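Summary of the model geometry
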Amino acid sequence: MEVKVIFFGVIKEKIGKDFSIVKVLDTNTLMNEFKTQYSFLNTLDFKLAVNQQLIFLNTILNEGDEVALLPPFSGG
Amino acid sequence: MEAKDFLRYQRQIILPEMGDTGQLKLQQAKVLVIGAGGLGCPVLQYLAAAGVGQIGIVDFDVVNLHNLHRQILFNESSIGKNKAHEAASSIKKINSKIRVEIFDTLFNNRLAIDIVNQYDIVVDCSDNFETRYLINDVCVLLNKPFVFGAIYRFEGQTTVFNFQNGPTYRCLFPQNKHTEISCDEAGVIGVLPGIIGVLQATEAIKIITQIGEVLSGKLLLCDLKTMNFQHIKIERNESLWKHLIPSNMEELMQRNYKINCETEDNIEEIDVNDLENLLQSSKNYIIIDVRERSEQPKLNMDSILEIPLQELEIKWNDIPLVENIIFMCQKGNRSKAAASIFVRKNNDKKVFTLAFGIASLPQHLVNKNSEKGSK
């Protein structure tokens, strides 16, 4: 399934782009692939949203889904 | 309502949703603003202008020149003075009718327990995760809504947590496992906290006046580079955090909100008392000030080496390996980053960092001459 993965904050900066288009079956597989490709993600606490809904469990992805990688911000 | 008050607020009173009733609700409301920095300034400015009856301001830090590009309640004569006091005098000029309570100390467990219950709403304008988790937990225990705002470079996040049994910060990030990235370190575009702060003030006003739909259950993400604004839906999920928060105020008082870095065994965080003891008992110490060289106040101690955090990767070798190496910055965030860099380079060396930084030091440890008019 082709999904759009969008990045925020420090993740966007380190990856160097706003989004990626990826072929992947579910969020766990997606994260495994990303953590291998971008090792900084292994030490960062971030959350995933699928189609603008925060998720905590593995989620099956469908064609055209949007996955967001959300790091916490602390600045004020 | 007095005639003069009616005139002052006339343009919002004539809104059908607001009316006299809404204005009266604002006058009776008590809002606690934690942090009078980039986010806190616009929040305070608009809440004062809107006529919120009682506003509490918490900030222990002093105004620096590099704050002025975004912390719009301050001016050049504020430099070196406490932010809570400066913000208070600034908003009283906007609206002399409101009551302002000043807390020029750190927002710690004790203060949280003492003051949060006296307010209806908390606005989280803090700049570190420790404070954000403390605000979350005290608000959950006291059943207070809190308006969250956080910024990073060109991006901001805002939402209302713990509103009518809505999600909390721990429904988003259950545990504090995060590395701090402050505006001082990462940089920030000056208008960003203005935008996010004004959105926070808007939500506070909506909660008080019961106008519209409160931004609860949705995290608003704003990217100023693209002007993309989008919502992420969050649900309240107590199973994620019920076991993580203190079960009552006694437990909250005992809770340590500092991040426990398991890998950083060689870094010990000390407070002001530990520091004074250390300075008195040992001559064998060096203080590494990792702030930018322009930051105020300067330190009034012996053996100080100024190495801004960004230069540390190159200059770490300049630090003499004396018994006690103490890293300091303005608020205690950058010094932790500096200590980790240094410990990585000198594997066995144990070092100290000053919790809550130079802003928390008593007068005699900072150089009064550099404070430009501080009391």
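Our structure is the block above this text.
Because the structure is predicted, anything quoted here is derived from the model rather than measured.

1. A few points about the pairing of strand β3 (residues 99-103) of chain B
Residue and element names in this part refer to chain B. In this structure, strand β2 (residues 54-58) lies alongside β3, joined through five bridges in parallel fashion. Across the sheet, residue G56 finds its bridge partner in β3, namely E101. As a crossover connection, the stretch from β2 through helix α4 (residues 83-94) into β3 is right-handed.

2. Remarks on the pairing of strand β6 (residues 155-161) of chain B
Residue and element names in this part refer to chain B. Extensive coverage of β6 is indicated by the burial of seven of its seven residues. Alternating residues of β6 divide into E155, Q157, T159 and F161 and G156, T158 and V160, and every residue in both groups is buried. With seven bridges joining them, strand β5 (residues 146-152) and β6 adopt antiparallel strand pairing. From the neighbouring strand, V147 faces β6, where its bridge partner is V160.

3. Side note on the interface of chain B and chain A
Contact residues are listed per partner, giving 32 residues for chain B and 16 residues for chain A. Among the secondary structure elements, those contributing two or more residues to the side of chain B that touches chain A are α6 (129-142), β5, β6, α8 (183-186) and β8 (228-233) of chain B. A class-by-class count of the residues in the side of chain B that touches chain A yields 15 nonpolar, 11 polar and six charged.

4. Digging into the nonpolar core
Residue and element names in this part refer to chain B. Counting 120 residues, the largest nonpolar core has V31, V33, L44 and V123 as the members making the most contacts within it. Taken together, domain 1 (3-254) and domain 2 (267-371) each give at least three residues to this core, which thus spans both. If we ignore the near neighbours within four places in the chain, the residues touching V123 are V31, V33, I34, V43, F146, V147, Q200 and A204.

Calculation notes
- Residues numbered from 1 in each chain as written.
- Chains lettered and ligands numbered in written order.
- Predicted model: local features only at pLDDT ≥ 70, side-chain atom pairs only at ≥ 80, totals over all residues.
- Pairing = 2+ DSSP bridges.
- Helix = DSSP H or I, 4+ residues; strand = E, 2+ residues; numbered from the N terminus.
- Right-handed = clockwise from strand over helix to strand, strands pointing away.
- Buried ≥ 20, exposed ≤ 12 C-beta atoms within 10 Å, placed from the backbone.
- Contact = placed C-beta atoms within 7 Å.
- Nonpolar A, V, L, I, M, F, W, Y, C, P; charged D, E, K, R; others polar.
- Core = buried A, V, L, I, M, F, W, Y, C linked by C-beta atoms within 7 Å.
- Domains from an automatic or database assignment.

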